[in-house]
Amino acid sequence: MTDDSIRRARSSALGRRGWLALLTLCGATFMTGLDYSVVTVALPEIGRDLGFASTGSLQWVATACLLPTASLLPLFGRVSDIVGRRRLFTLGVVLFGGLSLAAALATGPALLIAARAGQGASAAMITPTAIALMTAAFPEGPRRTRALGVNGAVLSLGFVLGTLGGGVITSGLSWRWTMLLLAAISVLVLLGTTTLPRGTGTRETARLDVPGAVLASIGLFALVYGISTGADAGWASPPTLGSLSLAALSLSAFLLAERRHPAPLIPLGLLNRPTVKWSGLVGFVTLGMCGGTTVLLSLYMQDVLGYSALATGAGFLAEGIAALVAGVLAARLIAVLGKARAMSLGLAVQGIGTGAMVLLPVEGGLPLLLATSGAMGFGHVLTVVSFITTMTSGLRDDEQGTAGGLSQLPQFLGGIGTAGLAAIITARTDALSSATDPVLATLGGLHAATFVAGLLCLTATALPLLLRATPLDPTAAASSSGTERAPL
């Protein structure tokens, strides 16, 4: 081992206390990732047990959690900079655990949906503060990148294990045990908060931008609601058009209000910084295309190959394992390639894996399914770690909470990608249905959608070049002087 490699290994070592803090923060990330996927698998039994009136109303079990998380992320990201990140993180974990227990004990649809909405609001406290605590606890450079890599791998593991474990728990026990599991994990995370350094993050004395918070929350709520319900209600239906119009008006008003407020919720200078703007767009592409393609793969395995729900969950294991490997290797790849090249490489691998799904056959083809989904998972996590590392680099300490919220927004706005791919598969399937049988028509639609998803990822590999062509903001550079930096 050379002297340079020894120094790099030491600089990326997290240390015992660092690992304890990272495990706590990753435990919270795992918990929120598990929440979304484990409930999706349990929806049919929840509907039967609690007597939901229709499939449409049952979808609110998932949507009621998603909407407050997406709409409140910017607010709680900013609040964490004001009241203290460790404090807000701990409050979020306590609320999440209590509301998970309430969901497990729900006796009817209204109580369950209310508890799920509360879980979503508390997840909005946890998600940005976990990233902000991580970036504050680990200095910019190899250690931070390694921590974010582990976090990205754990988040992917939560989604995959939720899909697989949700089927096992629901089949062997009851859907209520999925909520009890979340409550138990929250207790472990709460115990782990004692390992978080008390000095991470400075607290500001600035007042909260209430108009900006209201406009941003309404705009994001309306946007995610319109995207989530548009496919079922119809994209041209009055509720969908009204919701999307409200989103456009509210977010436009938000940008105008931020220009005038002395302490804006999201400073426009931060939002316009190249590392935030372009890496955020990369995050939107990778999360939208991976999330949408994962839905397509579930449809392929169940409607084309005839897999059971449990077998479908097992079919995502290659994606999960590859994502874990990417999370472990991300810090090394970023150290060698730089953040911009690592983003481009991740998008290229994700695009090739996704595009190659046009070769998936009508029967058999398990090796190809595992290979393509594995490539997609590897490239996706490498891209996610690279874009979050880039977005949170070169910032003042009092900007990390806001940046943490911004870095998580693409995860929820990625539903736009899912809706777009769903529209493609629907249109192509309808076009083929008159000339072939339903299974082949569905497969043709899947092929068209995965081709588009792969092409978008490959096209987006050019976005990180804009980062390399743009010099770092001088204010950001001054604020981060003396810290370790991975090259762009």
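Reading the values: rules and limits
Residues numbered from 1 in each chain as written. Predicted model: local features only at pLDDT ≥ 70, side-chain atom pairs only at ≥ 80, totals over all residues. Heavy atoms only, no water. Helix = DSSP H or I, 4+ residues; strand = E, 2+ residues; numbered from the N terminus. Buried < 20%, exposed > 50% of the residue type's maximum accessible area, 1.4 Å probe, protein only. Contact = heavy atoms within 4.5 Å. Areas by Shrake-Rupley, 256 points an atom, 1.4 Å probe, with all protein chains shown as cover. Axes fitted to C-alpha atoms, helices over the stretch in contact; angles between N-to-C directions. Parallel < 35°, antiparallel > 145°, perpendicular 65-115°, else oblique. Left-handed = near helix turned anticlockwise from the far one by under 90°. Nonpolar A, V, L, I, M, F, W, Y, C, P; charged D, E, K, R; others polar. Core = buried A, V, L, I, M, F, W, Y, C linked by side-chain atoms within 4.5 Å. Expected span 1.5 Å × (residues − 1). Arc of directions from axis to C-beta. Patch = residues over 30% accessible without salt bridge, like charges linked within 9 Å, V, L, I, M, F, W, Y side chains within 5 Å. Salt bridge = Lys/Arg side-chain N within 4 Å of Asp/Glu carboxyl O.

When its secondary structure is counted, the protein chain shows 21 helices and zero strands. Here the protein chain holds 488 residues, and the buried ones make up 53% of them. Counting contacts in the protein chain only where the partners sit at least 6 residues apart, residues at least 24 apart contribute 84% of the total. Carbon and sulfur atoms provide 69% of the accessible area of the protein chain, an area that totals close to 19400 Å².

Counting through the fold element by element, S386 comes out in helix 16 (residues 366-391). Discounting chain neighbours no more than four positions away, the residues touching S386 are I334, K339, A342 and M343.

Let's shift gears to the packing of helix 5 (residues 85-104) against helix 8 (residues 176-192). At a closest axis distance of 8 Å, the pairing of helix 5 and helix 8 adopts a crossing angle of 155 degrees. Classed by the angle they form, the pair helix 5 and helix 8 counts as roughly antiparallel. Where helix 5 crosses over helix 8, the handedness of that crossing is left-handed. Together, F89, T90, V93, V94, F96, G97, S100, L101, A103 and A104 of helix 5 and R176, M179, L180, L182, A183, S186, V189 and L190 of helix 8 make up the contact between the two elements.

Viewed as axis vectors pointing N to C, helix 4 (residues 60-83) and helix 6 (residues 109-137) meet at an angle of 35 degrees, and their least axial separation amounts to 6 Å. Here the hand of the crossing between helix 4 and helix 6 comes out right-handed. Classifying every residue of the contact of helix 4 with helix 6 by side-chain character gives 17 nonpolar, seven polar and one charged.

To continue, consider the nonpolar core. Soluble globular proteins: nonpolar side chains tend toward being buried together. Judged by nonpolar contacts, the single largest core of 110 residues is most densely connected at I46, F89, L112, L297, Y300 and F387. At 15 residues, helix 2 (residues 16-50) tops the list of elements feeding residues into this core. Residues contacting F89, with those up to four places away along its chain left out, are T24, L25, A28, I126, T129, A130, L133, V189, T193 and L196.

This brings us to the environment of L324. Take L324: it is sitting in helix 14 (residues 317-337). Sequence separation of L324 and G149 is 175 residues, and the distance between their C-alpha atoms is 8.9 Å.

Another aspect to go through is the environment of I424. Within the secondary structure layout, I424 lies in helix 18 (residues 415-433). Distance from I424 to A449, taken between C-alpha atoms, is 5.7 Å for residues 25 residues apart in sequence.

In this section: helix 5. Here helix 5 contains 20 residues, and its C-alpha end-to-end distance of 28 Å stays within 8% of the 28 Å for a straight helix at 1.5 Å per residue. Turning to helix 5, its buried residues are R85, R86, L88, F89, G92, V93, F96, G97, S100, A103 and A104. What you see down the axis of helix 5 is that its buried residues fit within an arc of 165 degrees, all on one side.

Attention shifts here to a nonpolar patch on the surface. Residues L317, I321, V325, V328 and L329 make up a contiguous nonpolar surface patch of roughly 410 Å² in combined accessible area. Using a relative accessible area of 53% as the deciding quantity, one classes I321 as exposed.

Moving on, we come to the side chain of T429. Mapped onto the secondary structure, T429 falls in helix 18. In contact with T429, other than residues within four places in its own chain, are A441, T442 and G445.

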